Amino acid sequence: MAACTQCDGLMESLSFEKPREYLELARRLLGLVNDGVFILTDSTCPLDDLFKPDWPANTAEHNFECNACGRKFQLFADTYLGHAGWGLTGPPRPEPAPEPPTTKIEIAFWETNPSPAK
């Protein structure tokens with residue numbers, strides 16, 4: 001995979017043992033969304049709701065896309081079963097195809113029977 005300065009530090013899949021670890025990453029992701037580095041593409045609740053005293057539901061899922069390269073990630077928690085994780089869910093956008101080289105055509109005219117110089 002091509003390197004991306006925006007999201008390469010988040011490529012490692014994680015499984016969280018403690019809610020604090022999950023919320024630390026959620027807070028970091030909230031900052032990245034606010035800074036325009038990541039786009040929140042889909043979620044079961046607003047990201048801010050994770051920091052309220054009452055958990056929004058038995059499960060929380062937030063899907064992100066890196067604004068620079070298009071990689072897709074997911075932050076997920078299941079409070080009923082006690083599992084939470086982070087991982088890469090999609091590849092980066094394909095690089096655009098290179099433009100074909102342009103050929104420069106020059107047309108020149110010359111005389112085959114030049115007139116004699118006077």
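Relevant structure appears above.
None of these values were measured; they are calculated from a predicted model. (Residues numbered from 1 in each chain as written. Predicted model: local features only at pLDDT ≥ 70, side-chain atom pairs only at ≥ 80, totals over all residues. Heavy atoms only, no water.)

### Focus: the overall build of the protein
Then comes step 1: Across its full length, the protein holds one helix and five strands.
Then comes step 2: Along its sequence from the N terminus, the protein presents helices and strands in the succession β-α-β-β-β-β.
Then comes step 3: Summarising the internal contacts of the protein: among those between residues at least 6 apart in sequence, 47% fall at separations of at least 24.
Then comes step 4: In the structure as shown, the protein presents an accessible area of about 8700 Å², 54% of it carried by carbon and sulfur atoms. (Helix = DSSP H or I, 4+ residues; strand = E, 2+ residues; numbered from the N terminus. Contact = heavy atoms within 4.5 Å. Areas by Shrake-Rupley, 256 points an atom, 1.4 Å probe, with all protein chains shown as cover.)

### Considering the pairing of strand E3 (residues 59-66)
Then comes step 1: Across the eight residues of E3, six count as buried, placing the element largely inside the fold.
Then comes step 2: As judged from the five bridges shared by strand E2 (residues 38-43) and E3, these two strands associate in the antiparallel manner. Considered in E3, the bridge of Ile39 is made with Glu65.
Then comes step 3: Bridge count between E3 and strand E4 (residues 72-78): seven bridges; the pairing is antiparallel. (Buried < 20%, exposed > 50% of the residue type's maximum accessible area, 1.4 Å probe, protein only. Pairing = 2+ DSSP bridges.)

### Remarks on helix H1 (residues 19-34)
Then comes step 1: Look at H1: 22 Å from first C-alpha to last across 16 residues, which is about the 22 Å you get at 1.5 Å a residue.
Then comes step 2: Among all positions of H1, only Tyr22, Leu25, Ala26, Leu29, Leu30 and Leu32 are buried. Along the axis of H1, the buried positions cluster into a sector of 160°, meaning they face one direction only. More than 90 degrees from the buried face of H1, the exposed residues found are Arg27 and Asn34.
Then comes step 3: Contacts from the buried residues of H1 go to strand E1 (14-15), E2, E3, E4 and strand E5 (83-90).
Then comes step 4: Gly36, located one to two residues past H1, shows a positive phi value of around 85°. (Expected span 1.5 Å × (residues − 1). Arc of directions from axis to C-beta.)

### Points about the nonpolar core
Then comes step 1: Tyr22, Leu29, Phe38, Phe64, Leu75 and Trp86 are the most contacted members of the largest nonpolar core, which has 24 residues in total.
Then comes step 2: Put simply, the parts of the chain that give this core at least two residues each are H1, E3, E4 and E5.
Then comes step 3: Take this core: its biggest share by element is six residues, from H1.
Then comes step 4: With sequence-adjacent residues up to four places away left out, Leu75 is seen in contact with Phe16, Tyr22, Leu25, Ala26, Leu29, Ala60, Glu61, His62, Phe64, Gly85 and Trp86. (Core = buried A, V, L, I, M, F, W, Y, C linked by side-chain atoms within 4.5 Å.)

### Some remarks on the pattern of salt bridges
Then comes step 1: Inspection of every chain in the model, using the stated rule, returns four salt bridges.
Then comes step 2: Residues Arg20 and Glu24 are paired through a salt bridge, measuring 3.1 Å at the closest nitrogen-oxygen approach. Residue Arg20 and its partner Glu24 are located together in helix H1, separated by four residues, close to a single helical turn.
Then comes step 3: For Glu24, a relative accessible area of 48% gives the class partly exposed.
Then comes step 4: Here Lys72 makes a salt bridge to Glu65, at a shortest N to O gap of 3.6 Å.
Then comes step 5: Classification of Glu65 as buried rests on a relative accessible area of 18%. (Salt bridge = Lys/Arg side-chain N within 4 Å of Asp/Glu carboxyl O.)

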